[in-house]
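Residue strings, one per chain:
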Amino acid sequence: MQILLRNKINFLLCVVFTCISCIAVVAEEFSISNNQLIVSGEDVEDVEKILSLLENNEKIDTVVFQDVWGGVQADGMDIADMIIDFELDTHISGSCWGTCMFMFIAGENRTMARGSEVSIRFHPYTKEQIEKIIDEKTYEYFGSIADYIIWVDESARTELVEYFSLLVERGVKPEFIIKSLEKGTIDRWIPRRKELLEANFLTE
(Lines give C-alpha, C1' and ligand atoms only; values in the text may rest on other atoms or scores of the structure.)
Protein backbone atom coordinates (compact mmCIF):
# COMPACT_ATOMS: atom_id res chain seq x y z
CA MET A 1 0.00 0.00 0.00
CA GLN A 2 2.83 2.42 0.87
CA ILE A 3 4.58 1.71 -2.43
CA LEU A 4 1.32 2.31 -4.31
CA LEU A 5 0.75 5.59 -2.47
CA ARG A 6 4.30 6.72 -3.14
CA ASN A 7 3.94 5.94 -6.83
CA LYS A 8 0.69 7.89 -6.98
CA ILE A 9 2.36 10.89 -5.38
CA ASN A 10 5.20 10.69 -7.89
CA PHE A 11 2.71 10.66 -10.75
CA LEU A 12 0.91 13.62 -9.21
CA LEU A 13 4.02 15.68 -9.85
CA CYS A 14 3.28 15.38 -13.56
CA VAL A 15 -0.42 16.17 -13.41
CA VAL A 16 -0.92 19.68 -12.11
CA PHE A 17 1.18 22.47 -10.61
CA THR A 18 4.52 20.74 -10.87
CA CYS A 19 7.39 23.00 -11.80
CA ILE A 20 9.71 21.27 -14.24
CA SER A 21 13.10 22.89 -13.91
CA CYS A 22 16.52 22.22 -15.35
CA ILE A 23 18.12 23.81 -12.28
CA ALA A 24 20.19 21.42 -10.17
CA VAL A 25 18.26 19.71 -7.39
CA VAL A 26 18.47 21.70 -4.16
CA ALA A 27 16.69 20.34 -1.09
CA GLU A 28 14.39 22.55 0.91
CA GLU A 29 16.13 24.78 3.41
CA PHE A 30 14.88 26.84 6.36
CA SER A 31 16.53 29.64 8.27
CA ILE A 32 15.43 32.37 10.66
CA SER A 33 16.50 35.99 10.48
CA ASN A 34 15.00 38.39 13.01
CA ASN A 35 11.23 38.04 12.55
CA GLN A 36 11.41 36.14 9.26
CA LEU A 37 11.29 32.45 8.43
CA ILE A 38 13.19 32.09 5.16
CA VAL A 39 12.25 29.14 2.96
CA SER A 40 14.29 28.17 -0.10
CA GLY A 41 15.02 25.24 -2.40
CA GLU A 42 13.05 22.58 -4.21
CA ASP A 43 10.03 20.51 -3.14
CA VAL A 44 9.20 22.22 0.14
CA GLU A 45 7.24 19.59 2.02
CA ASP A 46 8.42 19.36 5.63
CA VAL A 47 5.22 20.57 7.28
CA GLU A 48 6.28 19.35 10.74
CA LYS A 49 9.59 21.22 10.54
CA ILE A 50 7.88 24.48 9.63
CA LEU A 51 5.33 24.02 12.44
CA SER A 52 8.13 23.40 14.93
CA LEU A 53 10.02 26.53 13.80
CA LEU A 54 6.91 28.67 14.15
CA GLU A 55 5.97 27.26 17.54
CA ASN A 56 9.48 27.80 18.92
CA ASN A 57 10.01 31.27 17.44
CA GLU A 58 7.00 33.34 18.40
CA LYS A 59 8.48 36.55 16.95
CA ILE A 60 8.21 35.23 13.39
CA ASP A 61 5.59 37.27 11.54
CA THR A 62 6.71 36.81 7.92
CA VAL A 63 7.58 33.84 5.71
CA VAL A 64 10.02 34.71 2.92
CA PHE A 65 10.10 32.45 -0.14
CA GLN A 66 13.55 32.74 -1.65
CA ASP A 67 13.93 30.86 -4.93
CA VAL A 68 11.41 28.09 -4.24
CA TRP A 69 10.16 25.70 -6.92
CA GLY A 70 8.63 22.28 -7.48
CA GLY A 71 6.63 20.40 -4.88
CA VAL A 72 3.35 18.56 -4.47
CA GLN A 73 0.12 20.52 -4.19
CA ALA A 74 -1.05 18.65 -1.08
CA ASP A 75 2.04 19.80 0.83
CA GLY A 76 1.65 23.35 -0.46
CA MET A 77 -1.95 23.41 0.75
CA ASP A 78 -0.98 22.08 4.20
CA ILE A 79 1.68 24.76 4.59
CA ALA A 80 -0.76 27.39 3.32
CA ASP A 81 -3.24 26.34 6.02
CA MET A 82 -0.49 26.73 8.62
CA ILE A 83 0.44 30.22 7.40
CA ILE A 84 -3.22 31.23 7.53
CA ASP A 85 -3.61 29.81 11.04
CA PHE A 86 -0.57 31.71 12.33
CA GLU A 87 -1.77 34.87 10.50
CA LEU A 88 1.64 35.45 8.92
CA ASP A 89 2.69 37.79 6.14
CA THR A 90 4.48 36.40 3.08
CA HIS A 91 7.16 37.80 0.80
CA ILE A 92 8.85 36.63 -2.41
CA SER A 93 12.57 37.17 -2.92
CA GLY A 94 13.75 35.71 -6.22
CA SER A 95 11.54 33.12 -7.89
CA CYS A 96 8.35 31.49 -6.61
CA TRP A 97 7.43 28.59 -8.88
CA GLY A 98 5.31 25.48 -8.51
CA THR A 99 3.50 25.03 -5.20
CA CYS A 100 5.29 28.04 -3.74
CA MET A 101 2.32 30.01 -5.01
CA PHE A 102 -0.07 28.19 -2.64
CA MET A 103 2.10 28.98 0.36
CA PHE A 104 2.64 32.59 -0.66
CA ILE A 105 -1.04 33.38 -1.29
CA ALA A 106 -1.83 32.32 2.30
CA GLY A 107 -0.16 35.45 3.68
CA GLU A 108 -2.13 38.23 5.33
CA ASN A 109 0.03 40.84 3.62
CA ARG A 110 1.71 39.64 0.42
CA THR A 111 4.70 41.46 -1.04
CA MET A 112 7.39 40.78 -3.65
CA ALA A 113 10.88 42.22 -4.02
CA ARG A 114 11.69 44.12 -7.20
CA GLY A 115 13.09 41.81 -9.85
CA SER A 116 11.36 38.76 -8.33
CA GLU A 117 8.66 36.68 -9.98
CA VAL A 118 5.80 34.31 -9.32
CA SER A 119 5.13 31.66 -11.95
CA ILE A 120 1.81 29.95 -12.62
CA ARG A 121 2.06 26.77 -14.67
CA PHE A 122 -0.23 23.82 -15.34
CA HIS A 123 1.33 20.76 -16.94
CA PRO A 124 -1.09 18.96 -19.24
CA TYR A 125 0.00 15.63 -20.63
CA THR A 126 1.66 15.62 -24.03
CA LYS A 127 1.11 12.92 -26.65
CA GLU A 128 4.67 11.74 -26.08
CA GLN A 129 4.12 11.36 -22.32
CA ILE A 130 0.94 9.36 -22.84
CA GLU A 131 2.62 7.10 -25.39
CA LYS A 132 5.49 6.49 -22.97
CA ILE A 133 3.10 5.59 -20.15
CA ILE A 134 1.33 3.10 -22.42
CA ASP A 135 4.53 1.64 -23.88
CA GLU A 136 6.20 1.20 -20.48
CA LYS A 137 2.92 0.14 -18.82
CA THR A 138 3.54 2.44 -15.86
CA TYR A 139 -0.22 2.82 -15.59
CA GLU A 140 -0.24 -0.63 -14.01
CA TYR A 141 0.66 1.01 -10.68
CA PHE A 142 -3.00 2.03 -10.67
CA GLY A 143 -4.46 -1.09 -12.24
CA SER A 144 -5.75 -0.81 -15.79
CA ILE A 145 -5.44 2.09 -18.22
CA ALA A 146 -9.05 2.95 -17.37
CA ASP A 147 -8.17 3.11 -13.64
CA TYR A 148 -5.26 5.39 -14.42
CA ILE A 149 -7.35 7.74 -16.56
CA ILE A 150 -10.01 7.94 -13.86
CA TRP A 151 -7.37 8.77 -11.24
CA VAL A 152 -5.81 11.49 -13.40
CA ASP A 153 -9.22 13.02 -14.08
CA GLU A 154 -10.27 13.00 -10.43
CA SER A 155 -6.92 14.37 -9.24
CA ALA A 156 -6.89 17.17 -11.80
CA ARG A 157 -10.43 18.30 -10.99
CA THR A 158 -9.80 18.17 -7.24
CA GLU A 159 -6.62 20.22 -7.52
CA LEU A 160 -8.19 22.83 -9.77
CA VAL A 161 -11.04 23.29 -7.30
CA GLU A 162 -8.52 23.62 -4.43
CA TYR A 163 -6.57 26.19 -6.43
CA PHE A 164 -9.62 28.28 -7.28
CA SER A 165 -11.04 28.02 -3.75
CA LEU A 166 -7.82 29.10 -2.02
CA LEU A 167 -7.30 32.13 -4.24
CA VAL A 168 -10.91 33.25 -3.84
CA GLU A 169 -10.63 32.82 -0.06
CA ARG A 170 -7.54 35.03 -0.02
CA GLY A 171 -9.32 37.76 -1.95
CA VAL A 172 -7.83 37.28 -5.41
CA LYS A 173 -10.15 38.49 -8.15
CA PRO A 174 -11.88 35.67 -10.08
CA GLU A 175 -10.98 37.29 -13.41
CA PHE A 176 -7.29 36.82 -12.60
CA ILE A 177 -7.82 33.20 -11.56
CA ILE A 178 -9.60 32.40 -14.81
CA LYS A 179 -6.86 34.15 -16.80
CA SER A 180 -4.23 32.16 -14.93
CA LEU A 181 -5.97 28.91 -15.90
CA GLU A 182 -5.99 29.97 -19.54
CA LYS A 183 -2.40 31.23 -19.73
CA GLY A 184 -0.87 28.72 -17.33
CA THR A 185 -2.12 25.80 -19.38
CA ILE A 186 -0.49 27.08 -22.58
CA ASP A 187 2.85 28.00 -21.03
CA ARG A 188 4.47 29.20 -17.83
CA TRP A 189 2.81 32.52 -16.97
CA ILE A 190 4.69 35.18 -15.04
CA PRO A 191 2.25 38.05 -14.40
CA ARG A 192 3.59 41.59 -14.18
CA ARG A 193 3.59 43.32 -10.80
CA LYS A 194 0.78 45.59 -11.95
CA GLU A 195 -1.43 42.59 -12.75
CA LEU A 196 -0.66 40.99 -9.40
CA LEU A 197 -1.52 44.18 -7.53
CA GLU A 198 -4.73 44.81 -9.45
CA ALA A 199 -5.86 41.24 -8.79
CA ASN A 200 -5.01 41.51 -5.06
CA PHE A 201 -2.53 38.66 -5.47
CA LEU A 202 -0.02 41.11 -4.05
CA THR A 203 -1.49 43.32 -1.36
CA GLU A 204 1.16 46.04 -1.69
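Check the entry above for the structure.
Description of the structure in this document. Note that this is a predicted model, so its numbers are computed, not measured.

Under the definition given, this model contains seven aromatic pairs. Between F104 and F201 the ring centres are 5.8 Å apart and the planes differ by 25°, which places this aromatic pair in the stacked class. Pair noted here: F104 is in helix α4 (residues 100–105) and F201 is in the segment after α8 (193–198), with a separation of 97 residues, a long-range link. Three or more aromatic residues link up through ring pairs in this structure, and these residues are F104, F176, W189 and F201.

To continue, consider the packing of helix α3 (residues 73–85) against helix α6 (residues 145–169). Axis separation between α3 and α6 bottoms out at 11 Å; the angle between their running directions is 20°. Judged by the inter-axis angle, α3 sits roughly parallel to α6. Crossing handedness for the pair α3 and α6: left-handed. For the pair α3 and α6, contact is made by Q73, M77, A80 and I84 and by E159, E162, Y163, L166 and E169, respectively. Partitioned by chemical class, the residues of the contact of α3 with α6 number five nonpolar, one polar and three charged.

Conventions used here
Residues numbered from 1 in each chain as written. Predicted model: local features only at pLDDT ≥ 70, side-chain atom pairs only at ≥ 80, totals over all residues. Heavy atoms only, no water. Phe/Tyr/Trp six-rings, centres within 6.5 Å; stacked < 30°, edge-to-face > 60°. Helix = DSSP H or I, 4+ residues; strand = E, 2+ residues; numbered from the N terminus. Axes fitted to C-alpha atoms, helices over the stretch in contact; angles between N-to-C directions. Parallel < 35°, antiparallel > 145°, perpendicular 65-115°, else oblique. Left-handed = near helix turned anticlockwise from the far one by under 90°. Contact = heavy atoms within 4.5 Å. Nonpolar A, V, L, I, M, F, W, Y, C, P; charged D, E, K, R; others polar.

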